[in-house]
Amino acid sequence: MATPVKLAIVYYSSTGTITEIAKELHDAGVKAGAEVRLLKVAELAPQAAIDSNPAWAANHAATAGIPEATPDDIEWADAVVFGTPTRFGNVSSQLKQFIDTLGGLWAEGKLADKVYSGFVSTATAHAGQESTLLALYNSVHHFGGITVTPGFTDPHKFVDGNPYGTSHVDAQGGNPVDDVTRTAAGIQAQRVIKIATALKAAA
C-alpha cells in the first residue's frame, strides 16, 4: 500500500482570514488521505501593533497553539501550500522571512521536486491577489519545485475565478470566508495531493 502524501500547510495570518482558509485546506487534505501538518510562521510585528487591532489580537491569541513552521517541516513534506495576505501586491514579510530561512535546504537540493501551491486574501477586490501568488511562485522556481495551481480544472473554479490559487476578499473583516472560498480550497487541496501522489508513485 502506498504511503500517504505528506502535506505541509504553512501560512501567515494577521486577522484570521488566512487562518480559516488554511484550516479548510487542512481538512480537505486529511479527507483526501494525506498526512497534514498545519503550521503558522512567526509573527514579526511588535505586540503593540497586534494589540492595536482587535481582530489581529484575537487571531493571535486563538492560534497560539498552532505550531510554528521550521525548515524541518519543509524537508519532511512532499507538498507545501503557502498562505499569505497580500502586502502591496506582494507576499507578507512574515511568510517571506520564513522562506528566506530555507537557504540551507535549497543549497542541499532538498527543496527541489516537491509540489508547491499558494493561497491569499485581500481587503478589496483585485487588490493584488494574482500578483501576490505569482510573486510567491517566483521562489518556487528557484527551489526547483513543481508549481501546482488549481487552474480551471473544475467547473466551480469559474465561480471564484482565480486559477492561480484560492483567494478571498475579506473587506476588512466584513466578508467571512464563504462557501465559494471553501470550495476553492477543497479543489486546490485535492489537486495538490493528486499530483504529489502521482510523483511519489513515479519516483
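Before going into details, it helps to say that this report is about the structure given with it. These numbers were taken from a predicted model, which means no experiment stands behind them.

Section: the nonpolar core
Part 1 of the argument: One finds Val10, Ile74, Phe82, Leu95, Phe98, Tyr116 and Leu136 to be the most contacted residues of the largest nonpolar core, which totals 28 residues.
Part 2 of the argument: At the level of elements, β1 (6-11), α4 (71-76), β3 (79-87), α5 (93-100), β5 (115-122) and α7 (129-143) are the ones that each hand at least two residues to this core.
Part 3 of the argument: When residues of this core are assigned to their parent elements, the largest contribution, five residues, is made by α7.
Part 4 of the argument: What Phe82 contacts, discounting residues up to four positions off in sequence, is Val10, Leu95, Phe98, Ile99, Tyr116, Ser117, Gly118, Phe119, Leu136 and Phe143.

Side note on the pattern of salt bridges
Part 1 of the argument: Summed over the entire model, instances satisfying the criterion amount to eight salt bridges.
Part 2 of the argument: A salt bridge links Arg182 to Glu24, with the shortest nitrogen-to-oxygen separation between them at 2.7 Å. In this pair, Arg182 is assigned in helix α9 (residues 179-202) and Glu24 in helix α1 (residues 17-31), connecting sequence segments 158 residues apart.
Part 3 of the argument: Judged by its relative accessible area of 27%, Arg182 falls in the partly exposed class.
Part 4 of the argument: The shortest N-O distance in the salt bridge between Lys110 and Glu75 comes to 3.1 Å. On the criterion of sequence distance, the pair formed by Lys110 in the loop between α6 (103-107) and β5 and Glu75 in helix α4 is long-range, its members being 35 residues apart.
Part 5 of the argument: Glu75 gets classed as partly exposed once you look at its relative accessible area, which sits at 33%.

As for α7
Part 1 of the argument: Along its 15 residues, α7 runs 22 Å from first to last C-alpha, staying within 8% of the 21 Å computed at 1.5 Å per residue.
Part 2 of the argument: Looking only at α7, the buried set comprises Gln129, Thr132, Leu133, Leu136, Tyr137, Ser139, Val140 and Phe143. In an axial view of α7, the angular spread of the buried residues amounts to 145 degrees, which keeps them on one side of the axis. Summarising the geometry of α7, the exposed residues directed more than 90 degrees from the buried face are His141 and His142.
Part 3 of the argument: Gly144 sits one or two residues past α7 and shows a positive phi near 80 degrees.

Let's talk about the pairing of β5
Part 1 of the argument: The element β5 is extensively covered by neighbouring structure, given that eight of its eight residues are classed as buried.
Part 2 of the argument: Alternating residues of β5 divide into Val115, Ser117, Phe119 and Ser121 and Tyr116, Gly118, Val120 and Thr122, and every residue in both groups is buried.
Part 3 of the argument: Relative to β5, β3 is paired through seven bridges, and the arrangement is parallel. When the bridges of β5 are listed, Val81 appears paired with Ser117.
Part 4 of the argument: Pairing between β5 and strand β6 (residues 146-147): two bridges, direction parallel. Paired with Tyr116 across the bridge in β6 is Thr147.

About the thresholds
- Residues numbered from 1 in each chain as written.
- Predicted model: local features only at pLDDT ≥ 70, side-chain atom pairs only at ≥ 80, totals over all residues.
- Heavy atoms only, no water.
- Core = buried A, V, L, I, M, F, W, Y, C linked by side-chain atoms within 4.5 Å.
- Buried < 20%, exposed > 50% of the residue type's maximum accessible area, 1.4 Å probe, protein only.
- Helix = DSSP H or I, 4+ residues; strand = E, 2+ residues; numbered from the N terminus.
- Contact = heavy atoms within 4.5 Å.
- Salt bridge = Lys/Arg side-chain N within 4 Å of Asp/Glu carboxyl O.
- Expected span 1.5 Å × (residues − 1).
- Arc of directions from axis to C-beta.
- Pairing = 2+ DSSP bridges.

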